[in-house]
Structures are given as C-alpha cells and as structure tokens.
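Architecture and fold: a report
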Amino acid sequence: MRPRCPVCRLRLERGEEGYQVGAYMFNIVAAELIFALIFLGVLIATWPSPPWDLLLYGGVVLMVIAPFLFYPLSKTHFLAFDLIFRPPSREDFK
C-alpha cells in the first residue's frame, strides 16, 4: 500500500508503535465474519442434508485465503475507525 493518500497526502500509517495491530484485528474479524456468513448460508440453503465435506474443506481454504485478500481493505477500515476517534492533525499531512 502507498504510504500516503495520493489526493490529500494523509499518512496512511499514523506513526504510533503497534498501529498495524488494529488493522490485523479488523482483518481477522472480517475473515471470521465472512466465513460464518457463508457457512450459515450454505447450511440453511442445503438443509436437511448439508455438504459437510464441502463446508469443512471450503472453510479451511477460505480461512487461509481471506486474510490475504482483505488486508488492504481492513487497513483502510481501521484508518477510518481511527480517524473517527482521533481526527487528523497537521503532522498527518506532512
């Protein structure tokens, strides 16, 4: 990802130690929610005889791939969450 927004020049990492941990947390929560929603959707759609093997192996593949696919999005969501509680200062644009 770029270090700054190309339009407004806002730093995308706001300079605190451990800032990435929040993005990691958003990433893991998003991956787990996506897994749960897909799992429940397939389970409800195919009830009373759900494809347990597909749910098992598909779930494993999804839980391995999803964090890699959603990391840029989760980093952006964490930045938006951080900006709500800690508005940008002049140093964030330098």
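Now for a look at the structure at hand. Every value quoted in this text rests on a predicted model; they were computed, and no experiment measured them.

1. Overview of the overall build of the protein chain
Along the protein chain, the regular secondary structure elements total two helices and zero strands. Over its C-alpha atoms the protein chain spans a radius of gyration of 18 Å, topping by over 25% the 12 Å that the globule rule assigns to 94 residues. Along the three orthogonal principal directions, the C-alpha set of the protein chain runs to about 60 × 25 × 20 Å. Here the protein chain holds 94 residues, and 22% of them are scored as buried. Restricting the contact set of the protein chain to residue pairs at least 6 apart, pairs at least 24 apart contribute 75%. Total accessible area on the protein chain stands at roughly 6900 Å², and carbon and sulfur atoms take up 72% of it. For the protein chain, the distance from the average site of its 9 positive side-chain charges to the average site of its 8 negative ones is 14 Å.

2. Concerning helix 2 (residues 52–85)
Between its first and last C-alpha atoms helix 2 spans 43 Å; for 34 residues at 1.5 Å apiece the expected length is 50 Å, and the helix comes up short by more than 12%. At Y71, helix 2 shows its maximal bend, which comes to roughly 55 degrees, and the proline P72 appears one to four places after that position. Next to the buried residues of helix 2 lie helix 1 (19–45).

3. What to know about the packing of aromatic side chains
Taken as a whole and judged by the stated rule, the model has five aromatic pairs. Between F26 and F81 the ring centres are 5.5 Å apart and the planes differ by 55 degrees, which places this aromatic pair in the tilted class. In this pair, F26 sits in helix 1 while F81 sits in helix 2, placing the two residues 55 residues apart along the sequence. Centroid distance F35 to F39: 5.7 Å. Interplanar angle 40 degrees. Geometry classified as tilted.

4. Some points on the nonpolar core
L10, L12, Y19, A23, F78 and L79 together form the largest nonpolar core, which totals six residues. Elements with a contribution of two residues or more to this core: helix 1 and helix 2. Those residues in contact with Y19 that lie beyond four places of it in its chain are L12, E13, R14, F78, L79, D82 and R86.

Parameters and conventions
- Residues numbered from 1 in each chain as written.
- Predicted model: local features only at pLDDT ≥ 70, side-chain atom pairs only at ≥ 80, totals over all residues.
- Heavy atoms only, no water.
- Helix = DSSP H or I, 4+ residues; strand = E, 2+ residues; numbered from the N terminus.
- Rg over C-alpha atoms; globule rule 2.2 N^0.38 Å.
- Buried < 20%, exposed > 50% of the residue type's maximum accessible area, 1.4 Å probe, protein only.
- Contact = heavy atoms within 4.5 Å.
- Areas by Shrake-Rupley, 256 points an atom, 1.4 Å probe, with all protein chains shown as cover.
- Lys, Arg positive; Asp, Glu negative; His and termini not counted.
- Charge placed at Lys NZ, Arg CZ, Asp CG, Glu CD.
- Expected span 1.5 Å × (residues − 1).
- Bend = angle between axes of the 7 residues up to and from the residue.
- Phe/Tyr/Trp six-rings, centres within 6.5 Å; stacked < 30°, edge-to-face > 60°.
- Core = buried A, V, L, I, M, F, W, Y, C linked by side-chain atoms within 4.5 Å.

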